[in-house]
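The primary structure of each chain is shown beneath.
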Amino acid sequence: MCSSDLTQAFNAGSSISSPGTFQVEGGTTTIAGTVPFAITGTTSVTGGTLVLNGASTTNGFSQSSGEVRGPGNLTVTGAANISYGRHSGAGTTIFQGTTSVTSSGLGLDAGRAGRNEGTFTLSNSTLDLNPTNTAGVGTFTNASGATFVATQSSQIYANNPGGDPAVGASFTNQGIFQKTGRSEEHTSELQSHSDLVC
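This one's a predicted model, so the numbers in the text were calculated from it and none came from an experiment.

Each value, and the rule that gives it
- Residues numbered from 1 in each chain as written.
- Predicted model: local features only at pLDDT ≥ 70, side-chain atom pairs only at ≥ 80, totals over all residues.
- Heavy atoms only, no water.
- Helix = DSSP H or I, 4+ residues; strand = E, 2+ residues; numbered from the N terminus.
- Buried < 20%, exposed > 50% of the residue type's maximum accessible area, 1.4 Å probe, protein only.
- Contact = heavy atoms within 4.5 Å.
- Areas by Shrake-Rupley, 256 points an atom, 1.4 Å probe, with all protein chains shown as cover.
- Phe/Tyr/Trp six-rings, centres within 6.5 Å; stacked < 30°, edge-to-face > 60°.
- Core = buried A, V, L, I, M, F, W, Y, C linked by side-chain atoms within 4.5 Å.
- Pairing = 2+ DSSP bridges.
- Salt bridge = Lys/Arg side-chain N within 4 Å of Asp/Glu carboxyl O.
- Polar contact = N/O pair within 3.5 Å; in protein donor to acceptor, adjacent residues only side chain to side chain.

This part is about the overall build of the protein chain. Of regular secondary structure, the protein chain possesses 0 helices and 20 strands. Out of the 198 residues in the protein chain, the part that is buried amounts to 47%. For the protein chain, the proportion of contacts with a sequence separation of at least 24, taken over those separated by at least 6, is 34%. Of the roughly 8,200 Å² of accessible surface on the protein chain, a fraction of 45% belongs to carbon and sulfur atoms.

Here's what the structure looks like:
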């Protein structure tokens, strides 16, 4: 199933499940809170906005642009590959499998929480907990039993675009945190802009 340059809404009475790829290429695709969204294949966001208003699951997830937004949680049970994208809104994005974040990285904003329950690798990339001046910030938790790997020049930070102070942005480690490729001192306090936190 493919959603491109249009505004598309899936309302009550709809049901979305696919063993293939649910792809958002552009425009805005809105999934109502009453609509089951359970993709046994892969959800792919290459542009536009995917708005989730209820609990949603996908086996695979890939993102190279665009945004996932809304109050609904998104649980990725399998592999996730992100080269660039934002997640925003009051929901939580939960990574349960093997996650790779590369290139321009992942941004969490406007109350969005990220949670790693598997193995999450930030590969010479960034995790930005305040990428825009939209009200609110992002938070991230590396859960107990999970592993977070930050390679070489990777950064975890909260930007301050337009003077947004990024108050409340946080990275919480409850599992294993590994920094590879370069020896340096790390702090546990989240700092703003481009300062590495962990």
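With that out of the way, let us pick up the packing of aromatic side chains. Applying the stated criterion across every chain, the model contains 9 aromatic pairs. Aromatic side chains Phe 148 and Phe 177 sit 5.4 Å apart centroid to centroid with 10° between the ring planes, which places their arrangement in the stacked category. Of this pair, Phe 148 sits in strand β17 (residues 147-151) while Phe 177 is found in strand β20 (residues 176-180), placing the two residues 29 residues apart along the sequence. The buried category is assigned to Phe 148, whose relative accessible area is 0%. Residue Phe 177 is classed as partly exposed on the basis of its relative accessible area, which comes to 21%. These aromatic residues form a ring-pair network of at least three members: Phe 95, Phe 120, Phe 140, Phe 148, Phe 171 and Phe 177.

Bringing unusual backbone geometry into the picture now. At Ala 110, a residue that is not glycine, the phi angle is positive and equals roughly 55°. Following the sequence through the fold, Ala 110 ends up in the loop between β12 (98-109) and β13 (113-116). Its relative accessible area of 22% is what places Ala 110 among the partly exposed residues.

Turning our attention to the environment of Leu 106. By secondary structure assignment, the location of Leu 106 is in strand β12. Taking C-alpha positions, Leu 106 is 6.3 Å from Asp 128, a pair spaced 22 residues apart along the chain. Setting aside anything within four residues of it in sequence, one finds Leu 106 in contact with Ile 82, Gly 85, His 87, Phe 95, Val 101, Phe 120, Thr 126, Leu 127 and Asp 128.

Core analysis: the biggest nonpolar cluster contains 34 residues, and Phe 61, Leu 106, Leu 127, Phe 140 and Phe 148 have the highest contact counts within it. Of all elements in the fold, only β3 (21-24), β5 (37-45), β6 (49-52), β9 (74-76), β10 (80-88), β12, β14 (119-123) and β17 reach the threshold of two or more residues within this core. Dropping the residues within four chain positions of it, Leu 127 is found in contact with Leu 106, Leu 108, Leu 122, Phe 140, Phe 148, Gln 155, Ile 156, Tyr 157 and Phe 171.

The next subject is the pairing of strand β16 (residues 139-142). By the bridge criterion, 4 bridges tie β13 to β16 in an arrangement that is parallel. By the bridge assignment for β16, Asn 116 is matched with Asn 142. Pairing of β16 with strand β19 (residues 170-173), which is carried by 4 bridges, proceeds in the parallel orientation. Across the sheet, the residue bridging to Phe 140 is Phe 171, located in β19.

Looking at chain direction, strand β11 (residues 92-95) and β13 are connected through 4 bridges and run parallel. The partner of Ile 94 across the bridge, within β13, is Arg 115.

The next point concerns the pattern of salt bridges. Evaluation of the coordinates by the stated rule reveals 3 salt bridges. With a shortest N-O distance of 3.9 Å, Glu 67 and Arg 69 are connected by a salt bridge. For Glu 67, a relative accessible area of 10% translates into the label buried. We classify Arg 69 as partly exposed; its relative accessible area is 35%. Salt bridges sharing partners connect three or more residues here, namely Glu 67, Arg 69 and Arg 86.

Moving on: the environment of Arg 112. With respect to the helices and strands, Arg 112 occurs in the loop between β12 and β13. Once the C-alpha coordinates of Arg 112 and Ala 90 are considered, the two residues, 22 residues apart in sequence, prove to be 5.2 Å apart. Within the structure, the side chain of Arg 112 is placed 2.9 Å from the backbone oxygen of Gly 70, a separation counted as a polar contact.

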